[in-house]
Amino acid sequence: METNADEPQPRPRRRAPAGAAVLRADVTEAIRAAVFEELAAVGYARMSIEGIARRAGVGKTAVYRRWRSKLHLVLDLVSAVAAQGLPAPDTGSLEGDLRLLYEVTARALRHPVASQVIPDLQAEAARNPEIAEALQKALREGQSGVASGIVTAAERRGELRAGLDHELALDLISGPLYWRSVVMRGARPGKGYLEALTRATAGALRAL
């Protein structure tokens, strides 16, 4: 049977290139876990793709298939942490929400990996604008939505003045615990510290 050359012909199916790499999810997760461990062990400056691959139990090629450098690897992980965020408290009261947020944040900051990685990346951020931007997103925007939600809910309940400065409120909520845990890196807060911090922060927010 003759065919009309002007009629559209069926497009041939495209085949995957022979030997094309399939990025296994379990390998990707193993590499991500190895990055955090390597950062905590040696710091960003001494971290290497070789060390990450060895810790993850994979070859260097497996890392380079996913990220072209250790900088891009770290930026990707920090951005992923920011996207995950923190669970939004919903206890029905301002002080209840603040206390729950502080408990969750304090546990996260006490984690041995976080306690080593965050200060090291802060130091590196002073020299690398890309890391600085990603770290700011993780530390600030990661809590911004949660803190804003706490303030907005308290405004609706009449516990806080409507229309207060949310940026200042965020500083009041997030600043003290990060200062103690990340900047000062002091001893673990004593019994009653989070309760006292909750009361002080709630009082400061009511004064805005």
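Notes on the structure follow. (Residues numbered from 1 in each chain as written. Predicted model: local features only at pLDDT ≥ 70, side-chain atom pairs only at ≥ 80, totals over all residues. Heavy atoms only, no water.)

**A look at the nonpolar core**
Reasoning step 1: I31, V35 and L73 are the most contacted members of the largest nonpolar core, which has 27 residues in total.
Reasoning step 2: Elements that contribute at least two residues to this core include exactly α1 (25-42), α2 (49-56), α3 (60-64), α4 (70-84), α6 (112-125) and α7 (129-157).
Reasoning step 3: Of the residues forming this core, the biggest block, 6 residues, is contributed by α4.
Reasoning step 4: The residues contacting V35, other than those within four sequence positions of it, are M47, I52, L73, V74 and L77.
Reasoning step 5: By size, the runner-up hydrophobic cluster in this structure holds 20 residues, among which are A106, A169, L170 and I173. (Core = buried A, V, L, I, M, F, W, Y, C linked by side-chain atoms within 4.5 Å. Buried < 20%, exposed > 50% of the residue type's maximum accessible area, 1.4 Å probe, protein only. Helix = DSSP H or I, 4+ residues; strand = E, 2+ residues; numbered from the N terminus. Contact = heavy atoms within 4.5 Å.)

**Side note on the pattern of salt bridges**
Reasoning step 1: Across all of its chains, the model carries 13 salt bridges by this definition.
Reasoning step 2: Salt-bridge contacts for R32 lead to E29; the nearest nitrogen and oxygen are separated by 2.9 Å. One end of the pair is R32 and the other is E29, both in helix α1 and 3 residues apart, which spans about a single turn.
Reasoning step 3: Exposure remark for R32: the relative accessible area of 26% places this residue in the partly exposed category.
Reasoning step 4: Note on E29: relative accessible area 45%, which makes it partly exposed.
Reasoning step 5: In this structure, E50 engages K60 in a salt bridge whose closest nitrogen and oxygen atoms are separated by 3.6 Å. (Salt bridge = Lys/Arg side-chain N within 4 Å of Asp/Glu carboxyl O.)

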